[in-house]
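Close look at the chain arrangement
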Amino acid sequence: MGIDLPFVVTLFAIAVMAYCLWLVVKLRPTIPGGVIGKRWNTLLGLVAIFAVGYLTTPFMRAIPEEALRFIVAGIFFFGALYVLLTVKLLHRVIVELTA
Amino acid sequence: MSFPIVCRTEKGDEELRSRRHGLGRDLRFVLILVDGHSPVDELAQKADGWDVKSSLRELARQGFVTLGDESPPEAGDVPAIKGRLIRIAEELLGDNAPAIVEKLRAAPDTAEGLKSAAEHCRRMVRLLIDESLAEQMEARCRALLMTL
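No experiment lies behind these values; they were computed from the predicted model shown. Residue indices begin from 1 for each chain and proceed along its sequence in written order. The naming scheme follows written order: chains are lettered A onward, ligands numbered 1 onward. Residues qualify for local features only when their pLDDT is at least 70, as the model is predicted, and side-chain atom pairs are given and counted only at 80 or more; totals for whole chains, interfaces and linings, by contrast, use all residues.

Comments concerning the overall build of chain A
Of regular secondary structure, chain A possesses three helices and zero strands. Going residue by residue from the N terminus, the α and β elements of chain A occur as α-α-α. Think of it as a crowd count around each C-beta: if 20 or more other C-beta atoms lie within 10 Å the residue is buried, if 12 or fewer it is exposed, and in between it is partly exposed, with C-beta placed from the backbone throughout. Expressed as a percentage of its 99 residues, the buried residues of chain A come to 6%. Contacts in chain A between residues at least 24 apart in sequence constitute 67% of all its contacts with a sequence separation of at least 6. In DSSP terms, a helix is any run of H or I states spanning at least four residues, a strand is any run of E spanning at least two, and both are numbered starting from the N terminus. Throughout, a residue-residue contact means that the two C-beta atoms, derived from backbone geometry, are no farther apart than 7 Å.

As structure tokens, then:
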């Protein structure tokens, strides 16, 4: 496995995602429930899925093309889901704070 | 019943508006009587011949009303009202109360300051702790804040 620019970027991506995972787990006890608490476990699950998905990227050359396409499609799908949930959650928070 | 003041919850208000929860005639009548500041004995006098206390227990069990404090503090007594709000938060929120109690304690001893802090706390509870507890807290605090 050669160390080139995409590889370095991938390592940074994995590091950032690991930090995100640590952050969502660490913040969990401070949000026992409510509008945000209800969504937090879902966001935590999605970050965990991303973390696992990102960890596969340094080994992509070894993964069969069909499986690779499936992994990338999955990351795209869950990424879109994550953004949707985050935007909806932000909207709820804005509504609550401006009501 | 150990707490004579009774307040309607949001569910109670909604039932009066829409009959969505299909409350029976007797319970609905008692729910209409609940005004957030009359003690149970006064409500019982208004509804002479009705078993108001049992109805209120049932309404509280189903979440249409919440039990308030023993006696209202004097109107405009901001520190006393603040103390009551803190007690309500502690009763309702249990282990999750400290952050909310801290906010209420830090509120200025003015009517506007306390109202604003109470509203801020309600939003915090709704966003971070529990939506139904936020409604209960609002219902129980409403009558107190009206005396400011």
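Here's the deal with the confidence of the model for chain B
Each residue gets a pLDDT score, which is the predictor's confidence in that residue and runs from 0 to 100. Mean pLDDT over chain B: 84, with 93% of residues reaching 70 or higher. Prediction confidence for the complex, expressed as pTM and ipTM, is 0.64 and 0.72 respectively.

A few points about the interface of chain A and chain B
In this complex, chain A contributes ten residues to the contact, which on the side of chain B involves nine residues. Of all the secondary structure elements, the ones that give two or more residues to the side of chain A that touches chain B are α2 (34–56) and α3 (65–98) of chain A. Ranked by the residues each element gives to the side of chain A that touches chain B, the list is headed by α2 of chain A, at four residues. Polarity classes work like this: nonpolar for Ala, Val, Leu, Ile, Met, Phe, Trp, Tyr, Cys and Pro, charged for Asp, Glu, Lys and Arg, and polar for all others, with Gly in that last group. Tallied by class, the residues present in the side of chain A that touches chain B amount to six nonpolar, three polar and one charged.

Details of the environment of Ile-36 of chain A
Take Ile-36 of chain A: it is sitting in helix α2. Classification of Ile-36 of chain A by C-beta neighbours within 10 Å gives buried; the count is 20. Residues Ile-36 of chain A and Val-93 of chain A lie 57 residues apart in sequence; the distance between their C-alpha atoms is 8.0 Å. With residues near it in sequence (within four places) discarded, Ile-36 of chain A still touches Ile-31 and Leu-89 of chain A together with Leu-127 and Leu-128 of chain B.

Some words on the environment of Ile-32 of chain B
Following the sequence through the fold, Ile-32 of chain B ends up in helix α2 (residues 25–33). Along the chain, Ile-32 of chain B and Gly-12 of chain B lie 20 residues apart, while their C-alpha atoms are 9.0 Å from each other.

Description of helix α1 (residues 5–27) of chain A
Because an α-helix completes one turn every 3.6 residues, residues spaced three or four positions apart along the sequence face the same direction. Given the number of residues in a helix, its expected span is that number minus one, multiplied by 1.5 Å. The end-to-end C-alpha separation of α1 of chain A is 33 Å, in line with the 33 Å expected for 23 residues at 1.5 Å each. The buried count for α1 of chain A comes to zero of 23 residues, which makes it a mostly uncovered element.

Quick word on the packing of α2 of chain A against helix α7 (residues 111–129) of chain B
At a minimum axis distance of 2 Å, the contact between α2 of chain A and α7 of chain B shows a crossing angle of 15°. Relative to α7 of chain B, the element α2 of chain A lies roughly parallel. On α7 of chain B, the residues that touch Gly-34, Val-35, Ile-36 and Gly-37 of chain A of α2 of chain A are Val-125, Arg-126, Leu-127, Leu-128 and Ile-129 of chain B. Within the contact of α2 of chain A with α7 of chain B, the residues separate by chemical class into six nonpolar, two polar and one charged. Note on geometry: axes are lines fitted to C-alpha atoms, helical ones only across the stretch in contact, with angles between N-to-C directions running from 0 to 180 degrees. For classification purposes, angles smaller than 35 degrees are called roughly parallel, those larger than 145 roughly antiparallel, those between 65 and 115 roughly perpendicular, and all remaining angles oblique.

Points about the nonpolar core
Side chains of nonpolar character tend, in soluble globular proteins, to be buried together. Each nonpolar core comprises buried Ala, Val, Leu, Ile, Met, Phe, Trp, Tyr and Cys residues, the members being joined through C-beta atoms within 7 Å. Of all hydrophobic cores here, the largest spans 37 residues; its most connected members are Leu-31, Val-65, Leu-85, Ala-89, Val-125 and Met-137 of chain B. Listed by contribution, the elements that provide at least two residues to this core are α2 of chain A together with β1 (6–8), α2, α4 (52–61), α5 (78–93), α6 (97–106), α7 and α8 (131–146) of chain B. With seven residues, the top contributor of residues to this core is α7 of chain B. Discounting residues that sit within four places of it in the chain, Val-65 of chain B has contacts with Val-6, Cys-7, Arg-8, Thr-9, Gly-12, Leu-31, Val-34, Leu-56, Leu-59 and Ala-60 of chain B.

Focus on α8 of chain B
All names here are of chain B. In this model, α8 (16 residues) spans 22 Å end to end at C-alpha, consistent with the 22 Å of a helix rising 1.5 Å per residue. Bend angle per residue: angle between axes fitted to the 7 residues ending at that residue and the 7 residues starting there. At Arg-140, α8 shows its largest bend, some 30°. Looking at α8, one finds that the buried residues are Ala-134, Glu-135, Gln-136, Met-137, Glu-138, Ala-139, Arg-140, Cys-141, Ala-143 and Leu-144.

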